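This is what each chain is made of:
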Amino acid sequence: KVLGSHSRAVKIRRAVLSRSSRTQTLETSALPQAEYDYSRVFGACCENVVGYLPLPLGIAGPLTIDGTSYLIPMATCEGTLVASTSRGCKALNAGGGVTTVVTRDRMTRGPVLEFPNLEEAARAMAWVESPEGTEVLKSAFESTTNFGKLVELSCALAGRTLYVRFAAACGDAMGMNMISKGTERALDVMREVFPGMTVLALSGNYCIDKKPAAMNWINGRGKSVVAEAVVPGDVVRKVLKTTVEGLCELNLKKNFVGSAMAGSIGGFNAHAANILTAMFIATGQDPAQNVESSMCMTMMQPTNGGEDLLISVTMPSIEVGTVGGGTILAPQRAMLEMMGVAGANRASPGDNARMLARIVAAAVMAGELSLMSALAAGHLIKAHMAHNRSVPPTPSV
């Protein structure tokens, strides 16, 4: 900002940091810095920038989702992941593709409030949950945004401490900034009603963000998506190299019984986080939100007299947006444009973000189907040895 050139600032900062560091390698390292639009990063995506980090990006698919064909962008360093997901797409397409539904669409923020005594805390809880209190908070919240709509308030009381979970529809934004701003304004108004109230933190971990939690698994956060498909039995045998019976048995023993034995929350799947995180990085989402976004239950059962496979994934907390955050960066936006979901949907606000969530869920299904088939057929290690170990090992220092 002082220098008037983002590129020059990156070059100077890189040199200064490198020369004052222990190894002094940063300035002349292989980390690229040229030919990048840092104006999109400044004040939005990153601080103390010294370059950018390229990642391999592959395309899985195409995959037919709700009657439309989509290419699936995946940024990853894990060999076999894109190839495996593509195999799953091929199998799903053979049965007519994937059908999806969005059952909920709401981002949440859960501030923690302290009161001078238990009675006052209980009165505040009752007021928040009353029609009068809800309307007051809703009006205050929505005065801060054109797109955010407060749809639900829920409370939990622990001693004199009150947790309030604000849930709002946020259009095509992922919504964290929008809901935080609205919640802050609502709490200002609430303090006028309860002057003894202290806002300990705008986020009291009752949201709950970037942490595994039963609340998100049960109530959802972001987009709640369910997807299903039918895979013909001959495709299971010829493309996936296994059987319907074998897949269903493995899914029960691994994804349900195994996960239950481990005490998993929302982890009733094989590797949903792999596909979801690769897509998050490729499309400018917050990769740290893979914690709750990748919660997934993969179900498999025989259908059509046992001849074919019915597969579904249930993902209650896919937190995505098509405006704001990393979606403003040109390469990430290009991937959103490739799928036809970039930016805000002016005709129907929120539809682009919801469609992105549908695509993510369908792609997760493709990855789940392919990995489970490889496990059932005993092909997993062979594939990883071929694709992950085809280069020399990392040299020692």
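Now for a description of the structure that goes with this document. (Residues numbered from 1 in each chain as written. Predicted model: local features only at pLDDT ≥ 70, side-chain atom pairs only at ≥ 80, totals over all residues. Heavy atoms only, no water.)

Details of the overall build of the protein chain
Secondary structure summary: the protein chain contains 13 helices and 11 strands in total. The globule rule puts the C-alpha radius of gyration for 397 residues at 21 Å, and the 24 Å found for the protein chain is close to it. In terms of overall dimensions, the protein chain has C-alpha extents of about 70 × 65 × 45 Å along its principal axes. Here the protein chain, with 397 residues, has 46% of them falling under the buried criterion. Taking as baseline every contact in the protein chain between residues at least 6 positions apart, the subset at least 24 positions apart corresponds to 72%. Approximately 18600 Å² of the protein chain is accessible, and the part contributed by carbon and sulfur atoms is 55%. Across the protein chain, 36 positive and 32 negative side-chain charges occur, with their mean positions spaced 8 Å apart. (Helix = DSSP H or I, 4+ residues; strand = E, 2+ residues; numbered from the N terminus. Rg over C-alpha atoms; globule rule 2.2 N^0.38 Å. Buried < 20%, exposed > 50% of the residue type's maximum accessible area, 1.4 Å probe, protein only. Contact = heavy atoms within 4.5 Å. Areas by Shrake-Rupley, 256 points an atom, 1.4 Å probe, with all protein chains shown as cover. Lys, Arg positive; Asp, Glu negative; His and termini not counted. Charge placed at Lys NZ, Arg CZ, Asp CG, Glu CD.)

Looking at the pattern of salt bridges
Taken as a whole, this structure holds 17 salt bridges when the rule is applied. For the salt bridge of Arg-19 with Glu-27, the shortest nitrogen-to-oxygen distance reads 2.8 Å. Judged by its relative accessible area of 55%, Arg-19 falls in the exposed class. Of the residues examined, Glu-27 reaches a relative accessible area of 30% and is grouped as partly exposed. (Salt bridge = Lys/Arg side-chain N within 4 Å of Asp/Glu carboxyl O.)

Describing helix α3 (residues 118-129)
A rise of 1.5 Å per residue sets the reference length of α3, with its 12 residues, at 16 Å; its end C-alpha atoms lie 17 Å apart and thus fit the reference within 8%. Along α3, the residues that are buried comprise Glu-120, Ala-121, Ala-124, Trp-127 and Val-128. Relative to the axis of α3, the buried residues are bounded by an arc of 125° and lie together on one face. The inward-facing, buried residues of α3 abut α4 (131-142), β5 (149-158), β6 (161-169) and α5 (176-193). The opening residue of α3, the one whose side-chain oxygen lies 3.2 Å from the backbone nitrogen of Glu-119, is Asn-117. (Expected span 1.5 Å × (residues − 1). Arc of directions from axis to C-beta. Polar contact = N/O pair within 3.5 Å; in protein donor to acceptor, adjacent residues only side chain to side chain.)

A closer look at the pairing of strand β11 (residues 308-318)
Counted residue by residue, β11 has 9 buried out of 11 residues, so it is predominantly covered. Note that strand β8 (residues 222-231) and β11 share 8 bridges and pair antiparallel. Opposite Lys-223, over in β11, you have Ile-318 as the bridge partner. With antiparallel pairing between neighbouring strands as the criterion, strand β10 (residues 296-303) and β11 make up a hairpin whose turn holds 4 residues, including Asn-304 at a positive phi of roughly 55°. (Pairing = 2+ DSSP bridges.)

A look at the pairing of strand β1 (residues 57-65)
Bridge analysis of β1 against strand β2 (residues 68-75) gives 7 bridges, and the strand direction is antiparallel. Of the residues in β2, the one forming a bridge with Ala-60 is Ile-72. Taking the residues between adjacent antiparallel strands as the criterion, β1 and β2 are bridged by 2 residues, where Asp-66 takes a positive phi near 50°.

Structural measurements only, silent on function.
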